[in-house]
Amino acid sequence: MQHNFLTTMKSLKLADGCKGSQVYAVNPGDKVQQEPRASSVRWKSGHHRSLSTADSYLPYGLPIADLLEPPIEPHLKFVDFVETLASVYEKLENASDDERCDLYIEQSIVLRGMSDPKLLRRSLRSARQHAIDPHRKVVLAAWLKYERREDELDGAVSMNCSGRMIECPKAALVEGYDPGSVFDPCNCRRPPLKAKQEVDHYLDEDVGTSKVSDVTEEFEEEGECSTSDFEGDYVYFCIGDEEIRCVRRKIAALSIPLHAMLYGCFRESCREKINFSHNEISASAMKAVDRFSRTGNLDHFSPNIVLSLLNFSNKFCCERMKSACDRYLASLVSTIEDALIFVEYGLEETAYLLVASCLQVFLRELPRSLQNPDVRELLCSSEGRKRLEMVSHSSFALYYLLSQVALEEDNQSNTTVMLLERLGECATSQWQKELALHQLGCVMLERKEYKDAQNWFEAAAEVGHVYSLAGAARAKFKRGHKYSAYKQTNSLISTINLSHKSLSSAIGWMYQERSLYCIGKEKITDLNTATELDPTLSYPYKYRAVALMDDNKTYEAITEINRILGFKVSPDCLELRAWFYLSLEDYESASRDIRALLTLDPEYLLFHGQIRADQLVDLLNYRVQQWSLADCWMQLYDRWSSVDDIGSLAVVHQMLENNPGKSLLRFRQSLLLLRLNCQKAAMRSLRLARNNSSSDHERLVYEGWILYDTGYREEALAKAEESISIQRSFEAFFLKAYALADTNLDPVSSSTVIQLLEEALKCPSDGLRKGQALNNLGSVYVDCENLELAANCYINALNIRHTRAHQGLARVYHLKNERKAAYDEMTKLIEKARNNASAYEKRSEYCDRDSAKRDLTMATLLDPLRTYPYRYRAAVLMDDRKEVEAIAELSKAIAFKPDLQLLHLRAAFHESMGEIAAATRDCRAAFCLDPNHADTVELYNKVCCRT
């Protein structure tokens, strides 16, 4: 049965448009009841609209340009981002050991806007490295675990660690500053304490004191408890009908108050028997006090007895015994149930480590733990925060982590609002207040509480966060005050341009915001300016594309949205392009884009959360050709060879529909996603590849890739070697070679990598992977200056349609001084590759200056995030003694992509011009991106000497 999608579409009123990051926004006039959802793009399963072959297939029509709306980002944005980075690094340079942790946390929050998980992870690791107290160690270890949740393996327990001290839950509870040891292997995988096996039994309310008494009597019979050395130095504590014999001087040694009672001017100092019946301690617990006073340990005591000792310690200021009880009880907490029981005791008795241990369980179980009402009551309420503060466990870092988790789960929930309010209560510095107030504004905007949103945004702007003025303007617009919103953004642009003339390129988002409140040519002008200043903003492309569609210029609309999809792939832009193809009845292209979209976000809902994307794929299958498995492999070869990554993702998605447990396909999927810079989705696919592995040697390879991609190179090599020991396979040898090659190779290492790649090529695999291995082998041969063998590798790779090998072969020709042949080789790649910005960039190295400029201009047009063209043009301008223009060329790119190489080059230019302050600023900003970049370190030392 076939369905005419276009006829159905044209019969509908186009009443809806886009909102937020999603393509469609429900028209206010339509009575569509929306359920609470985790974000503006999702509804919970079961609350979305179902499609069937009997329904209308496109019930919400195409988007309307005027209903498009960019989101207000819930993180800090800065007018001068480089200056902010430099300021953070300068504070780190001059910080004491106990200040560094909080500064690295600040750095991670500042860097969050760059959307680079590796930068964020490195800052968090540095913060954990310099953490001194258990509270920050617990928070940061849990934070690091949460940030890498996409690569968490199936079966992993929340309290397990990665094998390193930095995330070890036991190491986090150890006080002290030892930055050199946090990356060492931990010892937490030793057998657990025997006492833990008895925790639940002893905590059972039905356990009576008789059993505890029996256990205590056994302790007294042990030789180590003998009191023969203390004849004549006894004191008896009378509790009820029992008399507990203790050693007077041992009890007195527990604390100053006890010493004063037993040896001071109190009456008890003269008595042999002391009535302790009114001190709320049982006879069994007092026997335990006596035992501890003589042995100094708590072995074999039940948790209930230790809790009594903790209470006694607080009452009589027995710090050593309290510390021992605190450590012992903290070691027993491993589940949320344990934590909920013990945390109340910890808070009541101000047991710092016990509360830290309970808090650690709550944090390592995020986001699941926030669904527990008892946990929410403690973490979200103002009273709970004050209770935590009493035991030094309330901090900005804690509530920032909690609020970010809540924002990701449901940015409209009461839990999110409460946690952000607690975050504001913990905020002390200016940037902390800016962040808490701004995020409250973002949440209120999502909840459609526009007056409150405006108030929070204005409060954040008053503290100093300029970007919050965009939120305030948006809230005014939502309240019907469009002209007021326009005046505010217009005033902001004028003010910034006057006060930051050299940084006018830093305000692309301001023109984008003002465009919302304009119409006609003025609106388009603002959108074009926004794109010119910041080509990474997706809203201007989407608006222009939909406006073209409104004018029945569908092909031009597709060309416009392709401009951003060429360098920044996102679900909302893929969705938009899919609908353009549907309007052209190009169902195959529409199906491709929706399949690629589902690879990025498997739970994506179309039409502002109304329709499941996978349901639409099922319906489109009626109108597209169905491929067999062999057809799919042929299609994958074609798209892979033409460097069509989106098309390749779609084919792999279709293959996984028929074989969802095929780990090899999941692995291919992860490689494609990495090429598209979709790291989160790539790690999810890689984890699924590991979890669906059919053999141990295959599982070890995927675990090795996960470790490698998260910075654990040595562990990745170990996994590869273990896999090879089980079975020699292409992927195991390739992984080992790849990990070894990720260093400055010496001749011996290069020889090892060559041998590994040759072994890989001897193993069974398909042409797609063998082409990659040949390409890598050719690269190693080039580094070893063995150009003939390198050329053979590249030619063999091309023979099996590994198109990227043209670039390697061009490099060989160039090294042979055959520049024309190198240029021609890159031209072949440009003609074959769908995504060819890098090919234009590389070809520019093999031609004259004018041709190079043309190629680099084309590379920037196709992918403005590539930094080499800006650096080349700036260097040419510098050679022509056009210093101001050279700096401007670099600044234009730095404004939307603060890249390490760009910052280093601009710093070098400033230094050569004698602008030492500007050079220092850029070096410091670069160090926030890579503190060990050798060239920047050398330049910075040179600049400091001149200072």
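The rules behind each value
Residues numbered from 1 in each chain as written. Predicted model: local features only at pLDDT ≥ 70, side-chain atom pairs only at ≥ 80, totals over all residues. Heavy atoms only, no water. Helix = DSSP H or I, 4+ residues; strand = E, 2+ residues; numbered from the N terminus. Buried < 20%, exposed > 50% of the residue type's maximum accessible area, 1.4 Å probe, protein only. Contact = heavy atoms within 4.5 Å. Areas by Shrake-Rupley, 256 points an atom, 1.4 Å probe, with all protein chains shown as cover. Axes fitted to C-alpha atoms, helices over the stretch in contact; angles between N-to-C directions. Parallel < 35°, antiparallel > 145°, perpendicular 65-115°, else oblique. Left-handed = near helix turned anticlockwise from the far one by under 90°. Nonpolar A, V, L, I, M, F, W, Y, C, P; charged D, E, K, R; others polar. Pairing = 2+ DSSP bridges. Salt bridge = Lys/Arg side-chain N within 4 Å of Asp/Glu carboxyl O. Phe/Tyr/Trp six-rings, centres within 6.5 Å; stacked < 30°, edge-to-face > 60°. Disulfide = S-S within 2.5 Å. pLDDT = per-residue confidence, 0-100. Polar contact = N/O pair within 3.5 Å; in protein donor to acceptor, adjacent residues only side chain to side chain. Expected span 1.5 Å × (residues − 1). Core = buried A, V, L, I, M, F, W, Y, C linked by side-chain atoms within 4.5 Å.

### Quick notes on the overall build of the protein chain
Counting its regular elements, the protein chain contains 50 helices and six strands. Burial analysis of the protein chain (947 residues in total) assigns 56% to the buried set. Expressed as a percentage of contacts within the protein chain between residues at least 6 apart in sequence, the contacts between residues at least 24 apart total 61%. Total accessible area computed for the protein chain in this model is approximately 41300 Å², and 48% of it derives from carbon and sulfur atoms.

### As for the packing of helix 14 (residues 336-348) against helix 16 (residues 373-380)
At a minimum axis separation of 11 Å, helix 14 and helix 16 run at an interaxial angle of 40 degrees. The angle between the axes of helix 14 and helix 16 places the two elements in the oblique class. Classified by chirality, the crossing of helix 16 by helix 14 is left-handed. Of helix 16, the residues touching helix 14 (which contributes Ile336, Leu340, Val343 and Leu347) are Asp374, Val375 and Leu378. Across the contact of helix 14 with helix 16, the residue classes break down as six nonpolar, no polar and one charged.

### Side note on the sheet that holds strand 5 (residues 273-275)
Backbone-to-backbone hydrogen bonds pair the strands of a sheet. The strands run either parallel or antiparallel. Ordered by their spatial adjacency, three strands build an open sheet running 4-3-5, and the pairing between neighbours is mixed. With one partner strand each, in any of the chains shown, strand 4 (242-247) and strand 5 form the two edges of the open sheet. Each adjacent strand pair in this sheet contributes to an overall mean axis angle of 30 degrees, direction not counted. Across six bridges, the pairing between strand 3 (residues 234-239) and strand 4 is antiparallel. Residue pairing across strands places Ile239 opposite Glu242, the latter belonging to strand 4. The strands that helix 11 (residues 283-295) touches are strand 3 and strand 4; relative to strand 4, the one it contacts most, it runs at about 10 degrees.

### Some words on the pattern of salt bridges
In total, this model carries 55 salt bridges according to the counting rule given. Here Arg563 and Glu560 are joined by a salt bridge, their closest N and O atoms 3.1 Å apart. Residue Arg563 and its partner Glu560 are located together in helix 27 (residues 554-565), separated by three residues, close to a single helical turn. For Glu560, a relative accessible area of 10% corresponds to the buried category. The partner of Lys828 in a salt bridge is Glu825, and the shortest N-O contact between them spans 3.8 Å.

### Things to note about the pairing of strand 3
Side-chain positions along a regular strand alternate between the two faces of the sheet. Among the six residues that make up strand 3, six are buried, leaving the element largely enclosed by the rest of the structure. Side chains of strand 3 alternate between two faces, with Tyr234, Tyr236 and Cys238 and Val235, Phe237 and Ile239 buried alike. In textbook terms, the turn of a hairpin is the stretch between consecutive antiparallel strands, and for strand 3 and strand 4 this stretch comprises two residues, one of which, Gly240, has a positive phi near 65 degrees. Two strands pair when backbone bridges link them, and strand 3 and strand 5 are joined in this way by three bridges, in the parallel orientation. Considered in strand 5, the bridge of Phe237 is made with Ile274.

### Digging into the packing of aromatic side chains
Here the structure, examined in full by the defined rule, presents 23 aromatic pairs. Between Phe396 and Tyr400, the ring centres sit 6.4 Å apart and the planes meet at 15 degrees, which makes this aromatic pair stacked. Here Tyr400 and Phe396 lie together in helix 18 (residues 396-409), a separation of four residues that amounts to about one turn. Residues Phe396 and Tyr400 agree in their burial class; the two are buried. Members of the aromatic cluster, each reached through a chain of ring pairs, are Phe667, Tyr702, Trp705, Tyr708, Phe730, Phe734 and Tyr738.

### Topic: the packing of helix 22 (residues 468-478) against helix 23 (residues 482-499)
The geometry of helix 22 relative to helix 23 is characterised by a closest axis approach of 7 Å and an angle of 165 degrees between their N-to-C directions. If you check the angle between helix 22 and helix 23, you find them roughly antiparallel. Where helix 22 crosses over helix 23, the two elements pack in a sense that is left-handed. Across the interface between the two elements, Leu469, Ala472, Ala473, Lys476 and Phe477 from helix 22 touch Lys482, Ser484, Ala485, Gln488, Thr489 and Leu492 from helix 23. Of the residues in the contact of helix 22 with helix 23, the class split is six nonpolar, three polar and two charged.

### A short note on the state of the cysteines
Summed over the entire model, instances satisfying the criterion amount to zero disulfides. Of the cysteine sulfurs around Cys318, a residue in no disulfide, the closest is that of Cys317, at 7.4 Å.

### Comments concerning the confidence of the model for the protein chain
Considering every residue of the protein chain, the mean pLDDT works out to 86; 87% of them sit at 70 or more. The low-confidence segment residues 1-56 (pLDDT under 50) makes 152 contacts with residues lying over four places distant or belonging to another chain. Overall, residues 191-225 carries pLDDT values under 50, and its contacts beyond four positions in sequence, including any with other chains, amount to 41 contacts.

### With respect to the environment of Asn372
The topology assignment puts Asn372 in the loop between helix 15 (352-364) and helix 16. Since its relative accessible area comes to 21%, Asn372 is described here as partly exposed. As for Asn372 and Ile336, which are separated by 36 residues in sequence, their C-alpha atoms are 9.2 Å apart. If we skip the residues at most four places from it in the chain, Asn372 touches Ile336 and Leu340. Reaching out from Asn372, the side chain makes a polar contact with the backbone nitrogen of Asp374 at a distance of 2.9 Å.

### A word on unusual backbone geometry
The linkage connecting Leu366 with the following residue, Pro367, adopts the cis geometry, with an omega of 0 degrees. Assignment of secondary structure puts Pro367 in the loop between helix 15 and helix 16. Even without being glycine, Ser115 reaches a positive phi, approximately 55 degrees. With respect to the helices and strands, Ser115 occurs in the loop between helix 3 (97-111) and helix 4 (117-129). With relative accessibility at 62%, the residue Ser115 sits in the exposed group. Non-glycine residue Glu785 carries a positive phi angle of around 65 degrees. Mapped onto the fold, Glu785 is located in the loop between helix 40 (767-783) and helix 41 (787-799).

### A word on helix 48 (residues 900-912)
Here helix 48 contains 13 residues, and its C-alpha end-to-end distance of 18 Å stays within 8% of the 18 Å for a straight helix at 1.5 Å per residue. Helix 48 sits mainly inside the fold: 10 of its 13 residues count as buried. Where helix 48 is concerned, the buried positions are Leu900, Leu902, Leu903, His904, Leu905, Arg906, Ala907, Phe909, His910 and Glu911. In this structure, the buried residues of helix 48 make contact with helix 2 (81-93), helix 46 (868-879), helix 47 (883-894), helix 49 (916-929) and helix 50 (934-946). Its side-chain oxygen at 2.9 Å from the backbone nitrogen of Gln901, Asp899 defines the N-terminal cap of helix 48.

### A look at the nonpolar core
Ranked by internal contacts, the top residues of the largest apolar core, which has 164 residues, are Phe237, Phe276, Met286, Phe312 and Leu363. Not counting residues within four places of it along the chain, the set of residues in contact with Leu363 comprises Val138, Val139, Ala142, Leu398, Leu401 and Leu402. Listed in part, the 67 residues of the second largest apolar core include Leu527, Ile611, Val652 and Leu673.

### Some words on the environment of Ala739
Take Ala739: it is sitting in helix 38 (residues 730-741). Considered as a pair, Ala739 and Gly704 are 35 residues apart in the sequence and their alpha carbons are 9.5 Å apart. For Ala739, the contacting residues outside a window of four places in its chain are Tyr708, Arg713 and Leu717.

### Comments concerning helix 45 (residues 849-862)
Between its first and last C-alpha, helix 45 extends 20 Å over 14 residues, near the 20 Å set by a 1.5 Å rise per residue. Taken together, the buried positions of helix 45 are Ser851, Ala852, Asp855, Leu856, Ala859 and Thr860. Close packing links the buried residues of helix 45 with helix 43 (819-832), helix 44 (837-843) and helix 46.

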